[in-house]
Amino acid sequence: MDRKAKAVVCREWGQPVQVETITVEGPKRDEITLKIGACGVCHSDQSATTGKIPYPAPLVLGHEAAGVVIEVGEGVTAFKEGDHVVSSFISMCGKCRQCVRGRPVLCENARKAMFTLPDGTVRTKGADGEDLNVFGACGVMAEYATMHVDNCVKVDDTIPMQNAALVGCAVMTGVGAVFNTAQVEPGSRTAVFGIGGVGLNAIQGCVTAGAEMIVAVDNNEKKLQMARGFGATHTVNISEVEDAAKAVKKLTGGVDYAFECVGAGAVVEQAYKCLGRGGTAVVVGVSDPKDKTSITTLTLPADERVLKGSWLGSARPQYDFPRILGLYKAGKLKLDELVTTTYAIDDAAQAFEDMLAGKNARGVIVFETDKGVTQ
Ligand SMILES: [Zn+2]
Ligand SMILES: [Zn+2]
């Protein structure tokens, strides 16, 4: 059935987001409709409003949400009404070469579902009946969303939705870079460049992995303090040192793993430069497509250094989302502390402003109080 829903929409690149009442159609084959409980506000949503992520407007934002299943389409067997679900913005077909070799985040069919559902159509309509695109096949910054089951992961329904939501992007990206991409071992020396929602999660991933040293690097003292709260053992304020890489190297003797969570060639250089012999630099940040970096070539063979990328924490969402939430339940990952401000959907524009001002670890839009949603 069709449902009216308030949704956060980008109507035009460069303009502030607006809250509109849209129509969300019911599920077709292999789709489900969710009543959304909470949706995190991510820099990528912002990037879609400027064209840095070039999803065409009009676009329903949101790709980091938790909700409850209220309607299932034909052929759906893995979900039933009442299940709690976290959105997964990379569509994974389960059948292509990358999916079957265990790298679903690189799914060869994912590009079919960038701003529509995988069949190239949408279930979201504006007031004039026009199609509204959906961020990452999700569009979950809305009261309801109809999604393909390949973009949905069933999760433990005892976890508050505002916490569960974050595993869909920020937590998976940061923790996954440490667990899956780098496979940090206990006793490692690590550094994290850029302390936003992703950087904080890279830090707590390093804590859980048993890293001996975790150096947080940023230019904002408040964020460095937050980093200490999440387990950083040392901090480097780049506005107070001449060369951040040298400062990290002096503290650690050269790190085994450095995580770049900014998305800028200059920072990638720093992350690579602070490695010790045999060290690995992991680029997590999403840069402008034209951005470049440079490294000293000889250090690759002579030090056996590694430079690699991490996309959504090399996630296998159906496996990783539940296990990360399991670590939260066991008290080994902080999610409550990540949610520093909650917003009503009518205050979405403020949530974006606060994110740009660096006010939050994560700002989360929380929909009406419901089962599993705590305030
Ligand atoms: Zn995101
Ligand atoms: Zn695939």
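Residues numbered from 1 in each chain as written. Chains lettered and ligands numbered in written order. Predicted model: local features only at pLDDT ≥ 70, side-chain atom pairs only at ≥ 80, totals over all residues. Heavy atoms only, no water.

Chemist: Can you help me understand helix 5 (residues 197-208) in this one?
Modeler: Given 3.6 residues per turn, any residue in an α-helix points the same way as the ones three and four places further on. Between its first and last C-alpha atoms helix 5 spans 17 Å; for 12 residues at 1.5 Å apiece the expected length is 16 Å, and the two agree. Counting buried positions over the 12 residues of helix 5 gives 9, a clear majority of the element. Every buried residue belonging to helix 5 is among Gly197, Gly199, Leu200, Asn201, Ala202, Ile203, Gln204, Gly205 and Cys206, and all of these are buried. In this fold, the buried residues of helix 5 make contact with helix 4 (170-182), strand 11 (189-193), strand 12 (213-218), helix 6 (221-229) and strand 14 (255-260). Directly after helix 5, the chain includes Gly210, whose backbone phi takes a positive value near 85 degrees. (Helix = DSSP H or I, 4+ residues; strand = E, 2+ residues; numbered from the N terminus. Expected span 1.5 Å × (residues − 1). Buried < 20%, exposed > 50% of the residue type's maximum accessible area, 1.4 Å probe, protein only. Contact = heavy atoms within 4.5 Å.)

Chemist: In this structure, what is going on with the confidence of the model for the protein chain? I would like to understand it.
Modeler: Do not read the predicted coordinates in detail wherever pLDDT is low. Put simply, the protein chain has an average pLDDT of 95, and 98% of its residues get 70 or more. Low confidence marks residues 370-375, where pLDDT is under 50. Its contacts with residues over four positions away, or in another chain, come to 18 contacts. (pLDDT = per-residue confidence, 0-100.)

Chemist: Got a minute to help me understand the nonpolar core in this structure?
Modeler: Nonpolar side chains tend toward joint burial in soluble globular proteins. Among the nonpolar cores identified, the biggest contains 99 residues, and Val8, Ile32, Leu61, Ile203, Phe259 and Ile365 are the most heavily contacted of them. Here this core gets 7 residues from one element, more than from any other, and that element is helix 4. Here Val8 is in contact with Val17, Gln18, Val19, Leu59, Val60, Leu61, Met141, Ile345, Ala348, Phe352 and Ile365, once residues within four sequence places are set aside. Among the nonpolar cores identified, the runner-up in size contains 17 residues, and Val215, Val248, Ala271 and Tyr272 belong to it. (Core = buried A, V, L, I, M, F, W, Y, C linked by side-chain atoms within 4.5 Å.)

Chemist: What am I meant to see in the coordination of the zinc ion (ligand 1) here?
Modeler: Angles at a metal have ideal values that depend on geometry: 109.5 degrees with four tetrahedral donors, 90 or 180 degrees with six octahedral donors. On the protein side, the zinc ion (ligand 1) has Cys42 (SG), His63 (NE2) and Cys169 (SG) as donor atoms, found 2.0 to 2.2 Å from it. One chain supplies every donor for the zinc ion (ligand 1), spaced along it as C-x20-H-x105-C. One end of the pair, His63, is in the loop between strand 4 (59-60) and strand 5 (65-72); the other, Cys169, is in the loop between helix 3 (161-164) and helix 4, and 106 residues separate them in sequence. (Donors = N, O, S within 2.8 Å, 3.2 Å for Na, K, Ca; no water.)

Chemist: What exactly am I supposed to notice about the pairing of strand 1 (residues 3-10) here?
Modeler: Working note: regular strand, side chains alternate between the two faces of the sheet. Burial analysis of strand 1 places 6 of its 8 residues in the buried class, which makes it a mostly covered element. In this sheet, strand 2 (residues 18-24) lies alongside strand 1 in antiparallel orientation, the contact comprising 7 bridges. Note that in strand 2 the partner of Val9 across the bridge is Gln18. Of the strand pairs in this sheet, strand 1 and strand 4 are connected by 2 bridges, and their pairing is antiparallel. Bridging from a neighbouring strand, Val9 pairs with Val60 of strand 4. (Pairing = 2+ DSSP bridges.)

Chemist: Looking at this structure, I do not really get the coordination of the zinc ion (ligand 2). What am I missing?
Modeler: The zinc ion (ligand 2) binds to the protein through Cys93 (SG), Cys96 (SG), Cys99 (SG) and Cys107 (SG); the donor distances cover 2.3 to 2.4 Å. Geometry at the zinc ion (ligand 2) is tetrahedral, judged from the 4 donor atoms that bind it and their angles of 104 to 117 degrees at the metal. (Tetrahedral: all angles 85-135°; square planar, octahedral: opposite > 155°, others 65-115°.)

Chemist: Is there a simple way to think about helix 11 (residues 348-356) in this case?
Modeler: Looking at helix 11, one finds that the buried residues are Ala348, Ala351, Phe352, Asp354 and Met355. Taken down its axis, helix 11 places every buried residue within 160 degrees of arc, on the same side. Away from the buried face of helix 11 by more than 90 degrees, exposed residues Glu353 and Leu356 are located. As for helix 11, its buried residues are in contact with strand 1, strand 2, strand 3 (31-41), helix 1 (43-50), strand 17 (339-343) and strand 18 (362-366). Of the residues flanking the end of helix 11, it is Gly358, one or two places downstream, whose phi is positive at about 70 degrees. (Arc of directions from axis to C-beta.)

Chemist: Hey, could you run me through a positive patch on the surface in this one?
Modeler: A cluster of basic residues, Arg97, Arg101, Arg103 and Lys308, forms a positive patch on the protein surface. Along the chain, the position of Arg101 falls in the loop between helix 2 (97-100) and strand 7 (124-125). (Patch = residues over 30% accessible without salt bridge, like charges linked within 9 Å, V, L, I, M, F, W, Y side chains within 5 Å. Areas by Shrake-Rupley, 256 points an atom, 1.4 Å probe, with all protein chains shown as cover. Salt bridge = Lys/Arg side-chain N within 4 Å of Asp/Glu carboxyl O. Lys, Arg positive; Asp, Glu negative; His and termini not counted. Charge placed at Lys NZ, Arg CZ, Asp CG, Glu CD.)

Chemist: Teacher, can you tell me more about the pattern of salt bridges here?
Modeler: One side chain can pair with another of opposite charge once the charged atoms of both are near each other. Under the definition given, this model contains 20 salt bridges. Across the salt bridge formed by Arg189 and Glu212, the nearest N and O atoms sit 3.4 Å from each other. Of this pair, Arg189 sits in strand 11 while Glu212 sits in the loop between helix 5 and strand 12, and the two are 23 residues apart along the sequence. Residue Arg189 is classed as partly exposed on the basis of its relative accessible area, which comes to 32%. Residue Arg323 pairs with Asp320 through a salt bridge whose shortest N-O separation is 2.9 Å. Of the two residues, Arg323 and Asp320 are both situated in helix 10 (residues 317-329); the distance of 3 residues between them amounts to about one turn of the helix. For Asp320, a relative accessible area of 1% gives the class buried.

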